[in-house]
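Notes for the structure review
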Amino acid sequence: MKKLALAVVVLVLSVAVGLFVAGKPRQQAWTSGWASDQALTFPKDFYFGTATAAQQIESQSPSDWTAFELDVIANKRTEHGSAPGVAKPGHIAALDQFSQAVRTRKTDYDQRYAEDFQAAREVLGNNAYRFSFEWSRLFPRADMTRPDPAAIAFYQGVLDSLKAQGLTPFATLFHFSSPAWLWTEQDGQRGWERADAQQQWQRYVDAVLEHFGGQIQHWTTLNEPMVFLNAGYLDGVFPPLETRADPAATGPALAAMARAHAYAYHAIKQHAQAQATSSGQPVQETWVGITQHTRAFEPWRNWHPLERFAARQIDEIFIWDLLDALESGELTLTGTGFSEQIEGLASTQDYVGINYYGRFYVEVDMANPAKPIIHSHDPATDQWVNDLGWALYPKGFGDVLQTAYERYNKPIYVLENGTADQADNDVRRQYLLVTHLAEMAHAMQQGVPLKGYFHWSLTDNFEWAEGFTARFGLFALDYANDFKRTARPSASLYGRIAREGLQPALLQSLNDLQPPRQP
Ligand code: FCB
């Protein structure tokens, strides 16, 4: 009886607080106070770059994604989802509308990376570049004990070219794609859940380190593992296209990825140590971590206690649980009952990697409270919405950076931030650049140790289940015209900010940017 009374009091109180909060308008989109008459500048050693991933820009290698892409074409599964930005499970949007040359060569990066890097330096004023190694390019077949020499030569060419342009390499080891052969069933398990997955991963990581270890100091072992798990094991929109009913069922795959991270972390450190011992040189400094997809998760209805609770839960599980595990060694998935101690995982985060893409709203349907509905924008309040229906929300970026600093007290790299805007006059991307870089500068003034910013992405590219339809590039790609690159207005804008910081005139010009009318 007492418990019931308490529950009623808590419910009444939280609705009362909710109503009070709801009485206020939603948080403004950006932090007030920085749009001042003072320039916001970045330190000389700050890294400005763009971010890319192998499967999205390189010629197809025999990965799980490539197998999916071929299957989609063979079986005509190229439909769009129910709304922009909502993928249809098992489909890649409009993939058949792009030529075979485009589907296999993606952005023709294999032929043009040198010219792309030159543009990154000259137009964007960049001094760094994020890319991923493609596991299936190095090990296209399961029986290989040594990596493919052609793949080694390709990545060496990439690294040489980056060096020639003065771009510091930031390397990712797993960015959603892996060899197709890893997904053949063994003892009823596929991919990360196979008993030999760690051994296969170790062979890949060792090969990368043997050939490139001495040339790279910044490593991201895993890109957005939670996106990979949600899209691949719950929503069925990324390979392995599974739709498991219970989020706890993704635990074993996540634990395997955490073990893979731990291995790579220690292997990178040992490699640097061994090189120093054999050369008699000081140990090369390395920075190793993962990067998480972050959003500002907010209740759909501010007054709704369950929605406030659900938004907080999702924030924990989606952003922070895994980063916490890299500190403590214990992987616990909030609200699922899944928990596992992972050997070697504690203290394997040299920096916090943040990818940030805007605001999500969490709605709880009382008929099915266990499965909250996610809205990517609120038509009533969000003015700035991208081609995928995602609300731009700079203030949430500042908040995430602040939280990451408060939780871990480590250097922070923004390893992705960008938006899908295919308009020639990409006003939304310009708005995103100015506001998000200002949020960053503002956070740095508050003491947040930010070391670099990587815009997603350099050119338009293959955007996973959205295929080639979502355009994230600072440079537009003309897929019907031999992969021709054209700088969007935001390209020179990014260059201006990288060189001069955010000057007052630029900040004031933000007021002249008007969001395009929503269709
Ligand atoms: C991130 C992915 C990246 C790209 C951007 C738009 O979630 O890491 O590959 O697709 O979204």
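Here we summarise the structure given alongside this text.

Conventions adopted
- Residues numbered from 1 in each chain as written.
- Predicted model: local features only at pLDDT ≥ 70, side-chain atom pairs only at ≥ 80, totals over all residues.
- Heavy atoms only, no water.
- Helix = DSSP H or I, 4+ residues; strand = E, 2+ residues; numbered from the N terminus.
- Expected span 1.5 Å × (residues − 1).
- Buried < 20%, exposed > 50% of the residue type's maximum accessible area, 1.4 Å probe, protein only.
- Contact = heavy atoms within 4.5 Å.
- Polar contact = N/O pair within 3.5 Å; in protein donor to acceptor, adjacent residues only side chain to side chain.
- Core = buried A, V, L, I, M, F, W, Y, C linked by side-chain atoms within 4.5 Å.

**Let's talk about helix α12 (residues 394-408)**
Over its 15 residues, α12 runs 22 Å from end to end, which matches the ideal 21 Å to within 8%, given 1.5 Å per residue. If you check which residues of α12 are buried, you get Pro394, Lys395, Gly396, Phe397, Gly398, Val400, Leu401, Ala404 and Tyr408. On its buried face, α12 sits against β5 (287-299), α11 (305-328), β8 (352-363), β10 (412-417), α13 (427-445) and β11 (450-455). Just downstream of α12, asparagine 409 is the residue with a positive phi angle, here 50 degrees.

**Describing the side chain of serine 136**
Mapping serine 136 onto the fold places it in helix α6 (residues 135-138). Separated by 3.5 Å, the side chain of serine 136 and the backbone nitrogen of serine 63 make a polar contact. Side-chain polar atoms of serine 136 contact the side chain of glutamate 134, separated by 2.7 Å. With sequence-adjacent residues up to four places away left out, serine 136 is seen in contact with Ser61, Pro62, Ser63, Ser178 and Pro179.

**Here's the deal with unusual backbone geometry**
For the bond running from proline 239 to proline 240, omega is 10 degrees, close enough to zero to count as cis. Structurally, the position occupied by proline 240 is in the loop between α9 (225-234) and α10 (251-279). Cis geometry marks the peptide bond from tryptophan 456 to serine 457; its omega dihedral reads 10 degrees. Take serine 457: it is sitting in the loop between β11 and β12 (475-478). Even without a glycine there, the phi angle at tryptophan 464 is positive, about 50 degrees. Looking at where tryptophan 464 falls in the secondary structure, it is placed in the loop between β11 and β12. Since its relative accessible area comes to 4%, tryptophan 464 is described here as buried. The residue phenylalanine 483 is not glycine, and still its phi comes out positive at about 60 degrees. Relative to the helices and strands, phenylalanine 483 resides in the loop between β12 and β13 (484-487).

**So, the nonpolar core**
Generally speaking, soluble globular proteins have nonpolar side chains that are buried together. Of all hydrophobic cores here, the largest spans 140 residues; its most connected members are Phe133, Trp192 and Trp201. If we ignore the near neighbours within four places in the chain, the residues touching phenylalanine 133 are Ala54, Leu138, Tyr155, Ala171, Thr172, Leu173, Tyr204, Val208, Phe212, Ile216 and Trp219.

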